[in-house]
Amino acid sequence: MKKFHPFLLSVASGLLLAAAWPPMPTTLLIFIAFVPLFYLLEQGPSRFAFVAWSFLSMLIWNSITTWWIWNSTDVGAIGAIIANSAFMSLPWLAFYNVHQRLGAKFSYWAFLACWMTFEYIHLNWELSWPWLTLGNVFANTTNWIQWYEFTGTSGGTLWVLLVNILFFRKLIQLPKAYRPQIKPAGSLLLIAIGVPVAISFAVKNFTLSKEETKNSNQKNTVVVQPNIDPYAKFFPGTQEQQLQQLIRLSEAAIDSLTVLVVWPETAINSPNGLDEARLRQNSSLEPIWNFLSRHPKIRLLSGIEAYGFLPEDTESPYARPIPGSNLKYEAYNTAALLDSSGILSRYHKSKLVPGVETLPSFLRFLDKWFEQFGGTTGGYAKQDERTVLVDQNSGLAIAPAICYESIYGDFMTGFFRNKANVMVIITNDGWWGNTAGHKQHLAYARLRAIETRRWVVRSANTGISAFIDPYGTIVQQRGWDSSATIKQSIQPIEKQTLFVRFGDWISWIMIVLSILLVSWSSIVFLTRKKTAKTTT
């Protein structure tokens, strides 16, 4: 086998991964992106060298695709990119160890299982940052992955890894003499990509033929995109102007059929937050109640920067003391359904952005240092229950996703098991500027539509706001950095997909497989070590 410098192979993998990622149109590159690193392993590097070169690949991928974090926090961006690259190197370490102990026959499948186990953990632990989950790569090619209603993004990750492994093993005919088999490998690549795509089209056509009647039970919905500077919206004295902007845009778009108006994340705010329990009594919010009184059939779903006081005997890990008193309170990033009487139902954001909205418990010893760089240690209080926001008048049962939560497919299924029939995403992507960040975030919402087969309604403060149908197609959208409204009739859907019913079942299978293969390789290693020690 011809040898290549490890640097070239490492850089090649990193660039291929980045080039395949949304919003780039070269998605197909993902199916060969891991091949250079596989080739590197077969050249026989040391453990340290292989993991180091793998880390470089992951660093290149992370840096090119998520550099835009820098626009909201420079130190945080560097930390997030380096940490995520290091975490992504762990499956490569497991891959190397199993390869040395059990050989190529088992190591590639161990890598597949370990990578998917890593992705599952990274979706569910306190330092979660799953932006680069491999299954997300198909967010702008939704016609390829209509079967996500069965598998979620884990099915996409499995597809990517399988194609890379099968193509590489065919290419060099492991464990033979490494003679390139270009034509058979190319044919295998086409089949491995083409068959799932064909299945996807078949699933979509079948679902379309069985879908509920579109002409019945339509709900007229208005999305507002106010385009308020996220860095200025909490300045004292600006809240009245912000409310007038939101109400003016809403009034211009609603009609006699409108049942729901959606405002973005923290659209209702105050420099010091708003008392959630006394929201209706807050005189500064009177324009909202007047607006809703004029339109009694309409419900408003809005983000609120809120807080709630705690009884003296209440213990909470999110409690914050009020200086000069014995009182404590919790801060909330809230999604609330409102009418003229006040809050009808509410949900507090539960998937909090590490560093920005919360500091993981195992890093609390860094809290004073962390706050110096704009991070938060107390953070928002979150809730465990997936509260569905139900409007009895219209029949809408809303799954609220507040910003970052919309990238968690398995997490969002909890709302639909609780009988949600539509998803509403409220977000504020303006922190990152006009970069790939807000485009990727919009694209990921298309995956949630397919997984749940629900309409997705998206209100983004500075854009991109959109309506997405149950097949992941963007029906309407409003561009970046503009104030606008969109109006669309949507259909509540009650049927649950397999992914909603069973969640991320593929990852659980892979977790079991990774434990078995890694344990077996460890037993083999220890047995050989003991045997070698005995013979000497």
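The preceding data block contains the structure.
Each chain has its residues counted from 1, running along the sequence as written. Per-residue local features of the predicted model are confined to residues with pLDDT of at least 70, and side-chain atom pairs are confined, for both listing and counting, to 80 or more; whole-chain, interface and lining totals are unaffected and use all residues. Note: side-chain values were computed over all heavy atoms of the structure, leaving out hydrogens and water.

Q: What am I meant to see in the packing of helix 5 (residues 104-124) against helix 7 (residues 153-172) here?
A: Two packed helices can be described by the angle between their axes and the distance between those axes. At their nearest, the axes of helix 5 and helix 7 sit 10 Å apart, and the two run at 160° to each other. The orientation of helix 5 with respect to helix 7, classified from their angle, is roughly antiparallel. Relative to helix 7, the crossing made by helix 5 is right-handed. Counting all contacts with helix 5, which are made through A104, K105, Y108, W109, F111, L112, W115, M116 and E119, the residues of helix 7 involved are S154, T157, L158, L161, L162, I165, L166, F168 and R169. Under the convention adopted here, Pro, Cys and the residues Ala, Val, Leu, Ile, Met, Phe, Trp and Tyr are nonpolar, Asp, Glu, Lys and Arg are charged, and Gly plus all remaining residues are polar. Across the contact of helix 5 with helix 7, the residue classes break down as 13 nonpolar, two polar and three charged. For helices, the axis comes from a line fit to the C-alpha atoms of the stretch in contact; other axes are also lines fit to C-alpha atoms, and the angle between any two N-to-C directions lies between 0 and 180 degrees. Only DSSP runs of H or I with at least four residues qualify as helices, and only runs of E with at least two residues qualify as strands; both kinds are numbered from the N terminus onward. Every angle not falling under 35 degrees, over 145, or within 65 to 115 is termed oblique; those three ranges are roughly parallel, roughly antiparallel and roughly perpendicular. With the far helix as reference, a near helix turned anticlockwise by less than a right angle produces a left-handed crossing, and one turned clockwise produces a right-handed crossing. When checking whether two residues touch, look at their non-hydrogen atoms; a contact exists if any pair is within 4.5 Å.

Q: Whenever I open this one, the sheet that holds strand 12 (residues 465-468) confuses me. Can you help?
A: Within a sheet, neighbouring strands are paired by backbone hydrogen bonds and run either parallel or antiparallel to one another. The rule for pairing is simple: two strands pair if DSSP sees at least two bridges between them. Spatially, six strands are ordered 8-9-10-11-12-13 in an open sheet, and the strand pairing comes out mixed. Unpaired on one side and paired on the other, strand 8 (389-390) and strand 13 (474-478) mark the two borders of the sheet. Looking at chain direction, strand 8 and strand 9 (residues 397-402) are connected through two bridges and run antiparallel. Looking at strand 9, one finds that V390 is bridged to A397.

Q: Would you mind showing me how to read unusual backbone geometry here?
A: A negative phi angle characterises most non-glycine residues, just as the trans form characterises most peptide bonds. Cis peptide bonds are those with omega within 30 degrees of zero, and the linkage from P22 to P23 qualifies with 10°. Looking at the element boundaries, P23 is found in the loop between helix 1 (6-20) and helix 2 (35-42).

Q: Looking at this structure, how should I read the pairing of strand 10 (residues 422-427)?
A: Remark: a regular strand shows side chains that alternate across the two faces of the sheet. For strand 10, a buried count of six out of six residues is recorded, marking the element as mostly surrounded by other parts of the structure. Burial along strand 10 is two-sided: the face carrying V422, V424 and I426 and the face carrying M423, I425 and T427 are both buried. As judged from the five bridges shared by strand 9 and strand 10, these two strands associate in the parallel manner. Its bridge partner being in strand 10, P400 is matched across the sheet by V424. With helix 12 (residues 409-417) bridging strand 9 and its parallel neighbour strand 10, the resulting β-α-β unit is right-handed. Inspection of the sheet shows strand 10 paired to strand 11 (residues 456-460) by five bridges, in the parallel sense. Bridged to M423 within strand 11 is V456. Throughout, exposure labels follow a simple rule: accessible area from a 1.4 Å probe, protein chains only, divided by the maximum for the residue type, with under 20% read as buried, over 50% as exposed, and the rest as partly exposed. By the criterion used throughout, a crossover qualifies as right-handed when its path from the first strand across the helix to the second strand runs clockwise, the strands pointing away from the viewer.

Q: Sorry if this is basic, but what is going on with the side chain of S394 here?
A: Secondary-structure assignment places S394 in the loop between strand 8 and strand 9. Residues adjacent in sequence count toward polar contacts only when both atoms are side-chain atoms; beyond that, a polar contact is any pair of N or O atoms within 3.5 Å, and within protein one must be able to donate a hydrogen and the other to accept it. One polar contact links S394 to D391, side chain to side chain, over a distance of 2.7 Å. There is a polar contact of 3.2 Å between the side chain of S394 and the backbone nitrogen of L396. Sequence-distant contacts of S394, defined by excluding residues within four places in its chain, comprise K219 and V259.

These figures come from the coordinates and say nothing about function on their own.
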